[in-house]
Amino acid sequence: MKSLYYRLALSGIKRNKKIFMPFIGTVIFLMVLCSICLSLPLDKSIAKAGGMDTMKSILSLGVIILSIFSFIMLSSVYSFIQKRKLKEQGLYLILGLEKKHLRIILFWEIIYIIVFSVVPASILSIILYKLSLGIFAKMTSLPINIFEEGIFNNFYPVFFVALIFILILIFVYLIQIIKVKNYSPIDLVRESKAGEKKNKFIKLIALLGIIFIVAGYTISLTTKNPLQAFFKFFLAAILVIIGTYFAFSAIVSLVLEILKNNKKFYYKKENFLSISGLLYRVKNNSKSLANIAILSTAFTIVLTSGISLYVGIGDITNRLFPAPYTIKTDAESLKVEKIDQYRNNINNLLIANNIKGESSTTFEWSIPLIRDKNKIRVLNNEEWAGVNLKKDFISLDIIYTPDTKLDFRGKDFIYFKEDNNEEFIKSLGYSARAISNEENDIPLENVGTVFENNKIIARDYESAYKLLKKLNPKGSNEELNPKVNTLIRGDLPKNFKNYLREHIDDLKVDPNQKFTIVDRSATKMEFLSLYGVIFFVGILLSIAFLITMGLAIYYKFLTEGYEDIERFKILEKLGLREIEARESIKKQMLILLFLPIIFCIVHTSFALPVLQKFLMLIGLMNTKLFIKSMIFVFIIYIIFYLAIYKFTEKVYTKIVLEI
């Protein structure tokens, strides 16, 4: 008797291989991604590279996200499969099997799925790991020997991931057992043909969905503070996801109803079949269409962010460090009367060694201000003591440099046209003139901060210090020390950093003066390591989103194909020719498959403002690069989508026309 159960389970898998094979392939694919993501932070050769704590955290987070995503998607897809098999299970019960026998058959089915998926996935994870490690090392510029720990050295993480996926599949099995527990044999047969259940409160839910989507869009468009964007991005994403599930059917049905009410358009034979079919599909399959739209949006946002950060590393480091080398010193040991001596020491060092370089030294104070009703004002003591992110804070950088050639034209300060600070400066009793960024001859740090950042340049140190005293929120009794940076540019030798270290005492104007030398190229490599990990995890997640989106499309139309066989047979008896049937199928699928694309493009476009501010926190300010990356990702997405469309169209047509 026991052999009967596992034979029935195996024959069921073979008989329904069109629906089981993609599922097994997806399990293998997701498990390999998880294994790679977990193997990397546990690899000893990477640990020896040093400075991997942040990388390990990012990779570990990637494993958690992939595991949760795998559970959600596999449970959803497995329910699709079992819905297709409900009729078969109902027949088993009618023929005399009991529900406990059905549970045993399903148990053996999940055992076979585990064997056919987890075992090959484990082998592939071990084989492909070194290739993925090589790619990871290349992307992050890690100086490691990938074969140092042997060829196959990731058995433990693969075993751990295998356990995770076995538990996921067992949990999926238990969910299915609970679902069929209260069904009678007749109910199982009927349920196999049922679409999504209608909700009595569909209009209210649709209205709530639209409200959620609009609320998510509003958050994205109105968020100004980059630190607020960190939290609000996820809130907006949750609102849009819920709204898409609630409102997808209502929004699309509204468009189709408008087409239906256009009698000249609707009552043409080729349009009648397509629109009526679409109305049925959208109302009965809105959840699966919403899934496709959300997965599409997740793919475009994650991959666009990863590409923008990775490709923009050079731009980020150039904005952070406008010169190849920066010498930072403490303001306490560099008094104002010693500024000229310090500058001369640096210039003399360059001249004495025939180094064709130029230096510029800047003093920079950062003062927090508040924009209140479009006017900038100073913080009071209470506001300084309890900083509230809801307030519109501004960071004002007061800069003095003796190395600028800018013409102040008798004014006390120069501000940038983009900041428009003239009224505020005049209200403090000072004069100012505006310049554009292009006119500025001082290399300045230009990156996003938690707050809006404005810069003004002082004519002399005294003017800067007096303004500082007026704006000091802590009171005039407490000293605010500036950041003192010397930027060195020009035709510099490759070992210039070592050269500076050797002659650092020649620069001192005080025996206790301390220095920090920043090499932009070395900093770029550090950014490459960090953003390379983010990009690598982003690629893994994007591939997971893309493949499962394709799987969702495939199962959707496979299920509908089997449901539509009888409908097309009736239409054929009523005189529908095969060529007309093909045209109807093509038009329905074309419109239906491209509805999620429209949602994806709209969602991604509205996510752009808050996503950009979120990425500003980690240095990305290049809007053009971000938009180019998004266009590139959309091209990849549409090409993949078209390939899925052509494939599913053939599968669906073959099923419904029984070719």
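Looking now at the pairing of strand 5 (residues 413-416). Judged by which residues are buried, strand 5 turns out to be covered on both faces: Phe413 and Tyr415 on one side and Ile414 and Phe416 on the other are all buried. Inspection of the sheet shows strand 5 paired to strand 6 (residues 432-435) by 4 bridges, in the parallel sense. From the neighbouring strand, Phe416 faces strand 6, where its bridge partner is Ile435. Crossover connection from strand 5 via helix 16 (residues 422-427) to parallel strand 6: handedness right-handed.

Looking at the element boundaries, Ser629 is found in helix 21 (residues 623-656). Among the polar contacts listed, one links the side chain of Ser629 to the backbone oxygen of Leu625, at a separation of 2.9 Å. Residues within four places of Ser629 in sequence aside, it is in contact with Thr304, Ile307 and Ser308.

Here we come to the environment of Ile144. Mapped onto the fold, Ile144 is located in the loop between helix 5 (99-140) and helix 6 (155-180). Residue class for Ile144 comes out buried when judged on its relative accessible area of 19%.

Counting residues in hydrophobic clusters, the biggest one holds 110 residues, and the most contacted among them are Phe23, Leu40, Tyr555 and Tyr637. Beyond its immediate chain neighbours, meaning those up to four positions away, Leu40 contacts Ile46, Leu59, Tyr129, Leu133, Phe136 and Phe536. With 43 residues, the next largest nonpolar core counts Ile346, Ala432, Tyr499 and Val509 among its residues.

Right, let's get into the packing of helix 5 against helix 6. Helix packing geometry: the angle between the two helix axes and the distance between the axes. At a minimum axis separation of 10 Å, helix 5 and helix 6 run at an interaxial angle of 160°. It follows from the interaxial angle that helix 5 and helix 6 lie roughly antiparallel. For the element pair helix 5 and helix 6, the recorded crossing hand is right-handed. Between helix 5 and helix 6, the contacting residues are Lys99, Arg103, Leu106, Phe107, Ile110, Ile113, Ile114, Ser117, Val118, Ser122, Ser125 and Ile126 on the first element and Phe155, Val158, Ala162, Ile166, Leu169, Tyr173, Gln176, Ile177 and Val180 on the second. Classifying every residue of the contact of helix 5 with helix 6 gives 15 nonpolar, 4 polar and 2 charged.

Cut-off values and rules
- Residues numbered from 1 in each chain as written.
- Predicted model: local features only at pLDDT ≥ 70, side-chain atom pairs only at ≥ 80, totals over all residues.
- Heavy atoms only, no water.
- Buried < 20%, exposed > 50% of the residue type's maximum accessible area, 1.4 Å probe, protein only.
- Helix = DSSP H or I, 4+ residues; strand = E, 2+ residues; numbered from the N terminus.
- Pairing = 2+ DSSP bridges.
- Right-handed = clockwise from strand over helix to strand, strands pointing away.
- Polar contact = N/O pair within 3.5 Å; in protein donor to acceptor, adjacent residues only side chain to side chain.
- Contact = heavy atoms within 4.5 Å.
- Core = buried A, V, L, I, M, F, W, Y, C linked by side-chain atoms within 4.5 Å.
- Axes fitted to C-alpha atoms, helices over the stretch in contact; angles between N-to-C directions.
- Parallel < 35°, antiparallel > 145°, perpendicular 65-115°, else oblique.
- Left-handed = near helix turned anticlockwise from the far one by under 90°.
- Nonpolar A, V, L, I, M, F, W, Y, C, P; charged D, E, K, R; others polar.

Such coordinate-based values are descriptive only and should not be taken to indicate function.
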